[in-house]
Amino acid sequence: MPQPRDTPPKRDTGIASEKEWGINLNKEVKSESGVNEDGSSWYSESGVDLGENGYRCRWTVMGGRSADGSSEWKEAWWEKSDWTGYKELGAEKSGKNAQGDTWWETWQEVLRVDELSNLARIEKSAQKQAKSGTGSAGWFEKWWEKYNAKGWSEKGAHKYGRLNDQGWWEKWEEQYDGRGAVLKWTDKWAESDTGTKWGDKWEEKFDHGVGTRQGETWHNDEKGWSRTWGEEHFGNGKVHKYGRSTSGENWDNVVEEGTYYQAEPHYGWADAIGNSVQLLSIQPLERPPGTFPNVEPALRDQQQKALKEESGSNIQDQQSNSPKLRTDKDQPNQE
């Protein structure tokens with residue numbers, strides 16, 4: 001009998017590890033259900049889906065609900081593989097509690113192998129959302145990480161939240177090319193129901209000691225204000241610093257100063273491999289002699305699609321009612 005999982009996800013927890021999810025797929029196809037002494041019910045189903053190109057998906061779906069139906073939960077686990085070298089480990093859960101709070105969360109690890117270069121790539125991702133049963137409080141987060149065997153990596157997050165009369169957004173991303181170049185940026189902004197908006201953003205680009213940093217802080221209340229700043233690092237111990245604000249600040253000078261930045265990610269390809277043991281252990285179907293895989297991985301199974309449509313319907317409804325994420329061009333011109 002599966003244990004109830006009626007707790008919403010937590011904010012700002014990034015992408016969980018394989019160990020934290022504890023995915024343990026049933027080895028046999030089965031379907032079970034039952035009713036507990038308190039009147040709550042549960043079910044657990046497991047199966048295997050097969051498709052073209054050696055595609056195989058082993059999956060387990062489980063869930064339950066209270067006797068009065070005020071709380072319920074669903075969780076799915078799966079592992080996928082095909083003859084292109086594609087492997088995927090994933091999980092998804094959704095639910096609601098007696099207070100009316102609802103949530104949805106999905107997690108994935110993927111291994112891809114490029115057919116032409118034979119270069120391996122690992123991708124990790126997570127999406128989470130929760131909404132309060134009372135009022136408009138809620139939040140959504142999307143996290144991703146990507147790594148390849150030559151040291152290239154990318155990671156980032158998009159976040160949105162609302163509480164009482166305020167909404168906030170945050171986007172950030174880091175990219176490392178594996179040869180010394182790095183790009184990082186962050187963009188945060190918020191607004192109140194009265195129309196006041198404020199934000200802060202910055203970006204840095206470096207390649208072998210040469211690069212730039214720049215940023216802006218702003219708000220558009222009754223007076224409106226902004227400050228922009230920048231740095232040019234020449235790689236010779238000299239830095240050009242400049243900036244201005246709408247309140248009259250202005251600076252532009254060259255100083256002697258060291259250049260410090262992180263040229264390599266603190267978590268890279270070796271770490272991704274070391275923490276993806278369960279993903280890498282997925283065994284694909286044996287390929288018959290003389291059979292060659294298509295370059296594109298097989299289509300994903302219909303079981304997961306149906307689960308997403310069912311568990312994600314509330315999320316889509318909530319997102320459609322959320323304020324549109326503002327892009328740079330939506331922000332007021334502070335010139």
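Residue indices follow the written sequence of each chain, beginning from 1 at its first position. A pLDDT threshold of at least 70 governs which residues receive local features in this predicted model, and a stricter bar of 80 or more applies before side-chain atom pairs are shown or counted, although totals over entire chains, interfaces and linings include all residues. To get the side-chain values, take all heavy atoms of the structure and skip hydrogens and water.

Student: Teacher, can you tell me more about the side chain of lysine 124 here?
Tutor: Where helices and strands are cited, they refer to DSSP runs of H or I of at least four residues and of E of at least two residues respectively, numbered from the N terminus. If you trace the backbone, lysine 124 turns up in strand E7 (residues 120-131). Under the scheme applied here, a residue whose accessible area is under 20% of the maximum for its type counts as buried, over 50% as exposed, and between as partly exposed, the area being computed with a 1.4 Å probe on protein chains only. Given the relative accessible area of 6%, lysine 124 is considered buried. A polar atom in the side chain of lysine 124 sits 3.0 Å from the side chain of serine 276. Here, residues are in contact when the closest pair of their heavy atoms is within 4.5 Å. Setting aside residues up to four positions removed in sequence, lysine 124 forms contacts with Ile15, Gln108, Glu109, Trp143, Trp144, Glu145, Tyr267, Ala272, Asn275 and Ser276. Pairs of N or O atoms are called polar contacts if they sit within 3.5 Å, as long as, within protein, a hydrogen donor faces a hydrogen acceptor (for residues adjacent in sequence, only side-chain-to-side-chain pairs).

Student: I keep staring at unusual backbone geometry and nothing clicks. Help me out?
Tutor: Residues other than glycine predominantly adopt negative phi, and peptide bonds predominantly adopt the trans conformation. Phi is positive for aspartate 12, which is not a glycine, with a value near 55°. Considering the arrangement of structural elements, one finds aspartate 12 in the segment before helix H1 (18-21). Residue aspartate 12 is classed as partly exposed on the basis of its relative accessible area, which comes to 43%. In this structure, histidine 208 takes a positive phi of about 55° despite not being glycine. For histidine 208, the position within the fold is in the loop between strand E12 (197-207) and strand E13 (210-219). A relative accessible area of 61% places histidine 208 in the exposed class.

Student: What am I meant to see in the pairing of strand E16 (residues 250-256) here?
Tutor: Consecutive residues of a regular strand have side chains that alternate between opposite faces of the sheet. Little of E16 sits out of view: just 0 of its 7 residues are buried. Between any two strands, at least two bridges found by DSSP are needed for them to pair. In sequence, strand E15 (residues 238-245) turns back onto E16 through a hairpin of 4 residues, with glycine 248 there showing a positive phi of about 110°.

Student: Explain the pairing of E7 here, please?
Tutor: In this sheet, E7 lies alongside strand E6 (residues 102-113) in antiparallel orientation, the contact comprising 12 bridges. By the bridge assignment for E7, tryptophan 104 is matched with glutamine 129. Between E6 and the antiparallel strand that follows it, E7, lie 6 residues; asparagine 118 among them carries a positive phi value of about 60°. With 11 bridges joining them, E7 and strand E8 (residues 138-148) adopt antiparallel strand pairing. Residue glutamine 129 lies in a different strand from E8, and its bridge partner there is phenylalanine 140. Connecting the antiparallel pair E7 and E8 is a turn made up of 6 residues, with glycine 135 showing a positive phi of about 75°.

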